[in-house]
Amino acid sequence: MDPRTPTSADVLVIFGITGDLARKMTFRALYRMERRGLLHCPVVGVALDDWSADTLRAHARAAVEATGEPVDDAVFARLAKRLSMVSGDFADVTTYDKVALAIAGCLNPVFYLEIPPFLFGRVVDGLARAGLTGNARVVVEKPFGHDLRSARALNEQLSTHLQEWQIYRIDHFLGKEPAMDVRYIRFSNSIFEPLWNRDRIEAVQITMAENFGVEDRGHFYDPVGALRDVVQNHLLQLVGLIASEPASGGADGFRDKRVELFKAIRPADPRHYLRGQYDGYRDVRGVAPDSQTETFAAMRLHIDNWRWSGVPFFIRAGKSLPVRATEIRVIFKRPPTLPFLPRASAPNELIFRIDPAAGVDLVVQAKEPGANAARTVNLSLVFADELAEAPEPYERLLSDAMHGDSSQFIREDGVEQTWRIVQPLLENPPPVHTYHPGSWGPERVDALVAGYPSWREPWLPPPR
């Protein structure tokens, strides 16, 4: 826990500012922060590329424009004035001397490491040798290891020079506004609390579907696969949001309860885990011709606590599926069969759509007009139709890091618990089954939910 009162950053230093993530996400986030009046300090880029400040500014503008974000000249001019550049090799101690000179006089730096994890320790060591880590906050990108053992080793490396309160681990799913809406909808509406338990809920389904393949990312994706890429991090964090208990305020109040929930999840059982690989994946450049990497993963998890005992949590994620959608679907138990109803009603469902077009949908049963039968009715709300423009995940998370709010970041104990949950699947992976692009994964996926509600197709926004 941070022993001090959080202070706002007086400089943001971005290692890897010439890289792909900065081009796709970071510059847009910084521009939007500038537009909203949330950016109040210099931004120093550090990279091996020998760029001038003017080159960096031109690159930043092109990057923002490439995202489709409308650029206001006056707003970008303010952002451009903040940007400067330090060029150097991360393995060279003189690079950190140049960083120290560039931020001289700044007392509360935030260092954002948009670099591969194997470089984290090297950069933090260089910053420490230059005397720059004392009051610093250090933001690091996933992956936080590739299994439980490597996650612990990475933390030991970082903790050589940093205390836990100084480390901000980004999972951009926690920065998504609709993910944060889950907590507010749960706890700001008293109608849900009496229903939020094993007596009323039959199952929970979490889906992250992508309607595209690996494309040009074969070199990155093949050593990783769906389980490591999105399940161990993003989707287990959604389980934490939907299933954890109310907590006290503050960063650790929220994170304590997520970790408590993770500790109650049994280690995943390989018998209830299905791996798939879409036809054509092995032809992607950078993918091994005999690759056994999964592009689809589905599993069943169980939580051993009073609220959730006996309620299965089904997770599926994959590439080259029919649609792009991420949702959490809470399926309630069916009502009893009653003599005045001609057939058993379908169950009620509460759906949190994370992406696209974030919203919430309550599925209820009502009378079919002109017939003695029930029909499904959707009481849906698309947030963009009712609420103001939401900040993008990186915009929100960078702003939080710069203000010392770590509530939407992951602590090391949370990282270790999510790796503990999936570790049996890494150690004893079942065979990979192929599936056709555009399908919902291998045919065997339906057997995973046998005896429970069948897989639901995601709730999608109407076509525009």
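Every value quoted in this text rests on a predicted model; they were computed, and no experiment measured them.

A. The arrangement of the sheet that holds strand E14 (residues 374-382) in detail. Pairing is mixed across the open sheet formed by nine strands, whose spatial order is E14-E13-E12-E11-E7-E10-E9-E8-E15. Edge positions in the open sheet fall to E14 and strand E15 (432-435), since each of these has one partner strand only. Direction aside, the axes of adjacent strands within the sheet are offset by 20 degrees on average. Packing of helix H9 (residues 225-243) onto the sheet brings it into contact with strand E7 (201-209), strand E8 (273-278), strand E9 (296-301), strand E10 (313-318), strand E11 (325-332) and strand E12 (349-355), and relative to E10 it is tilted by some 145 degrees.

B. Fine view of the sheet that holds strand E4 (residues 109-113). Taken in spatial order, the six strands make up an open sheet running E3-E2-E1-E4-E5-E6, and their pairing is parallel. At either end of the open sheet lies a strand with only one pairing partner, and these are strand E3 (83-87) and strand E6 (167-169). Taking the axes of each pair of neighbouring strands and ignoring which way they run, one obtains an average angle of 20 degrees across the sheet. Both strand E2 (residues 43-47) and E3 contribute to a ladder of five bridges, which runs parallel. Pairing of Ala47 across the sheet is with Ser87, part of E3. Strands E2 and E3 of the sheet are contacted by helix H3 (residues 73-82), whose axis makes an angle of about 35 degrees with E3.

C. The nonpolar core, seen in detail. Phe15, Phe111, Leu113, Trp196 and Phe313 are the most contacted members of the largest nonpolar core, which totals 103 residues. Considering every element that reaches this core, the biggest residue donor is H9, with 11 residues. Beyond its immediate chain neighbours, meaning those up to four positions away, Phe15 contacts Val46, Phe90, Tyr96, Val99, Phe111, Tyr112, Leu113, Glu114, Ile115, Val123 and Leu127. Among the nonpolar cores identified, the runner-up in size contains 35 residues, and Ile14, Ile17, Ile170 and Ala401 belong to it.

D. Quick look at H9. For H9, with 19 residues, the first-to-last C-alpha span of 26 Å sits near the 27 Å given by 1.5 Å per residue. The largest bend in H9 comes to about 45 degrees, at Val231. Within H9, 18 of the 19 residues are buried, which leaves it mostly tucked inside the rest of the structure.

E. Focus on the packing of aromatic side chains. All chains considered together, the criterion is met by 13 aromatic pairs. With a centroid separation of 6.0 Å and 70 degrees between ring planes, the pair formed by Phe314 and Trp455 is classed as edge-to-face. Here the residue Phe314 occupies a position in strand E10, and Trp455 occupies one in the segment after helix H14 (445-448), the gap between them amounting to 141 residues. Judged by relative accessible area, Trp455 falls into the buried class, the value being 12%. The rings of Tyr221, Tyr278, Tyr281, Phe296 and Tyr435 are connected pair by pair, giving a single aromatic cluster. Over the aromatic face of Phe173 sits the side chain of Lys176, whose NZ or CZ is 5.2 Å from the ring centroid. The ring of Phe254 carries Arg183 above its face, with NZ or CZ at 4.0 Å from the centroid.

F. Here's a closer look at the pairing of E9. Where burial is concerned, most of E9 is hidden: six out of the six residues are buried. The alternating pattern of E9 places Phe296, Ala298 and Arg300 on one face and Ala297, Met299 and Leu301 on the opposite face, and all of these are buried. The pairing of E8 with E9 spans four bridges and is classified as antiparallel. Residue pairing in the sheet places Tyr273 in a bridge with Met299 of E9.

Thresholds, definitions, all that
- Counting from 1, residues in each chain are numbered in the order their sequence is written.
- Predicted model: local features are reported for residues with pLDDT of at least 70 only, side-chain atom pairs are reported and counted for 80 or more only, and whole-chain, interface and lining totals are derived from all residues.
- Note that water and hydrogens are dropped before the side-chain values are worked out from all heavy atoms of the structure.
- Strand pairing is defined by DSSP finding a minimum of two bridges between the two strands.
- Secondary structure elements follow DSSP: runs of H or I of four or more residues count as helices, runs of E of two or more count as strands, with numbering from the N terminus.
- Fitted lines through C-alpha atoms serve as axes, helices being fitted only where they are in contact, and the angles separating the N-to-C directions of these axes extend from 0 to 180 degrees.
- Contact between two residues is taken to exist if any of their heavy atoms lie within 4.5 Å; hydrogens are not considered.
- Residue types Ala, Val, Leu, Ile, Met, Phe, Trp, Tyr and Cys, when buried and joined through side-chain atoms within 4.5 Å, form a set referred to as a nonpolar core.
- A simple rule labels every residue: compare its accessible area, found with a 1.4 Å probe on the protein chains alone, to the largest value its type can have, and call it buried under 20%, exposed over 50%, or partly exposed in between.
- How far a helix is expected to stretch is found by multiplying one less than its residue total by 1.5 Å.
- Values of bend correspond, residue by residue, to the angle between axes fitted over the seven residues ending at that residue and the seven starting there.
- Planes of paired rings set the category: under 30 degrees apart is stacked, over 60 is edge-to-face and the rest tilted, where pairs are Phe, Tyr or Trp rings (Trp by its six-membered ring) whose centres lie within 6.5 Å.
- Should the NZ of a Lys or the CZ of an Arg lie within 6 Å of a ring centre and within 35 degrees of the ring normal, that charge is described as sitting over the ring.

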